[in-house]
Each structure stands twice: as structure tokens, then as C-alpha cells.
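# Breakdown of the fold
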Amino acid sequence: MKATALFLLLLLSAFTLAATAQNSGAMPPGHQMLSSPDAFADGHLAALDKQVKLTAEQKPKLREVFLQEANDLFAVFGDASMSQEQKQARIQQIHLATRDKVWSLLTHEQRKAMTEAPAPRQAT
């Protein structure tokens with residue numbers, strides 16, 4: 001499986017578990033990065049840095065992207081007015097926007113290290 005697809009799949013799985021955990025009041029083991037937007041951003045930045053060796057200039061820009069994603073996702077998790085289907089759709093939109101922003105901040109060599117270009121957006 002391609003690295004980016006795997007990353008997005010794991011991220012979506014983590015948020016599905018987090019949403020379940022929020023409903024039950026318990027944090028699943030190994031999901032401490034979901035405890036706060038800062039922990040989320042730092043965890044994702046560290047994972048991406050390990051994979052593609054980010055520059056000092058890229059790190060704060062990418063951290064902001066991940067922090068915005070976390071804030072958006074946490075808002076979705078806390079929105080009692082949305083159905084589960086609406087939440088899943090919004091989470092997918094947030095992930096796609098984040099993926100595109102991250103991709104735009106990577107160099108050509110880093111993109112090659114990711115082994116997969118973003119899939120074309122589908123009309124909604």
C-alpha cells in the first residue's frame with residue numbers, strides 16, 4: 001500500500017476510534033495524540049519528518065497545517081448537531097484539504113519519498 005494512502009487510512013481510523021472514545025469517555029490506548037490539537041499536530045509533524053526529513057523552514061508551516069486540521073477535527077467531534085454520516089463526510093473533507101496543503105509544502109524529492117501523489121479531487 002502506498003505511504004500516503006496508508007497514512008490517511010490510519011489517520012481516519014484513529015479519528016473514528018477517538019470519536020467512539022469521546023462518546024464513551026475513554027481514550028483508546030496509543031491514541032494520546034488525540035488528547036489535544038497540539039499533541040495531534042506534534043505527532044503528525046514528527047511522523048512526517050521521520051518519513052521525508054523536513055527542513056527547519058518547513059516544520060513550523062506544516063505544524064500549522066496539522067494544528068488547523070486538529071482544531072477542525074476536534075470541532076467536528078464535538079458537534080452534537082451533526083449525524084455520524086455528516087461527521088464522516090466532513091472529516092474526509094478536512095483530510096483531503098490537509099493532504100493537499102501538506103503536499104504543496106513538500107519538495108519534489110520529499111514527494112517522491114512519499115511515493116504517491118494526491119489523488120485527483122472528486123466533484124461533490
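Just above sits the structure.
A brief look at the structure comes next. (Residues numbered from 1 in each chain as written. Predicted model: local features only at pLDDT ≥ 70, side-chain atom pairs only at ≥ 80, totals over all residues. Heavy atoms only, no water.)

## Looking at the overall build of the protein chain
Looking only at helices and strands, the protein chain has 5 helices and 0 strands in total. The linear arrangement of helices and strands in the protein chain, starting from the amino end, is α-α-α-α-α. By residue count, 31% of the 124 residues in the protein chain fall in the buried class. Of the contacts formed within the protein chain by residues at least 6 apart in sequence, a portion of 59% connects residues at least 24 apart. When the accessible surface of the protein chain is summed, it comes to about 7,400 Å², and 59% of that surface belongs to carbon and sulfur atoms. (Helix = DSSP H or I, 4+ residues; strand = E, 2+ residues; numbered from the N terminus. Buried < 20%, exposed > 50% of the residue type's maximum accessible area, 1.4 Å probe, protein only. Contact = heavy atoms within 4.5 Å. Areas by Shrake-Rupley, 256 points an atom, 1.4 Å probe, with all protein chains shown as cover.)

## Remarks on the packing of helix α2 (residues 37-52) against helix α3 (residues 58-77)
Relative orientation of the contacting elements α2 and α3 amounts to 135°, with a least axis distance of 8 Å. Regarding the angle of α2 to α3, the classification is oblique. You can see that α2 and α3 cross each other, and the crossing is right-handed. Facing Pro37, Asp38, Phe40, Ala41, Asp42, His44, Leu45, Leu48 and Asp49 of α2, the residues of α3 in contact are Lys59, Leu62, Arg63, Phe66, Leu67, Glu69, Ala70, Asn71, Leu73 and Phe74. For the contact of α2 with α3, a count of residues per class yields 11 nonpolar, 2 polar and 6 charged. (Axes fitted to C-alpha atoms, helices over the stretch in contact; angles between N-to-C directions. Parallel < 35°, antiparallel > 145°, perpendicular 65-115°, else oblique. Left-handed = near helix turned anticlockwise from the far one by under 90°. Nonpolar A, V, L, I, M, F, W, Y, C, P; charged D, E, K, R; others polar.)

## As for the side chain of Lys87
Considering the arrangement of structural elements, one finds Lys87 in helix α4 (residues 84-105). For the buried Lys87, no salt bridge is present, and the opposite-charge side chain at shortest range is Asp79, 6.6 Å distant. Leave out the neighbours within four places in its chain, and Lys87 touches Val76, Phe77, Asp79 and Met82. (Lys, Arg positive; Asp, Glu negative; His and termini not counted. Salt bridge = Lys/Arg side-chain N within 4 Å of Asp/Glu carboxyl O.)

## A short note on the nonpolar core
Residues Leu48, Leu54, Leu62, Phe66, Val102 and Leu106 are the most contacted members of the largest nonpolar core, which totals 13 residues. At the level of secondary structure, the elements contributing two or more residues to this core comprise α2, α3 and α4. Leu54 has contacts with Leu45, Leu48, Asp49, Lys59, Leu62, Leu106 and Gln110, leaving out every residue within four places of it along the chain. (Core = buried A, V, L, I, M, F, W, Y, C linked by side-chain atoms within 4.5 Å.)

## Points about the pattern of salt bridges
Under the criterion given, the structure shown has 6 salt bridges. In this structure, Asp100 and Arg99 form a salt bridge, with 3.1 Å as the shortest nitrogen-oxygen distance. Taking the relative accessible area as the measure of exposure, Asp100 reaches 25% and is therefore partly exposed. Among the ionic pairs, Lys112 bridges to Glu109, the shortest N-O distance being 3.7 Å. Placement of both Lys112 and Glu109 in helix α5 (residues 108-114) is noted, with a separation of 3 residues, approximately one turn of the helix. Taken individually, Lys112 and Glu109 each receive the classification exposed, so the pair is uniform in this respect.

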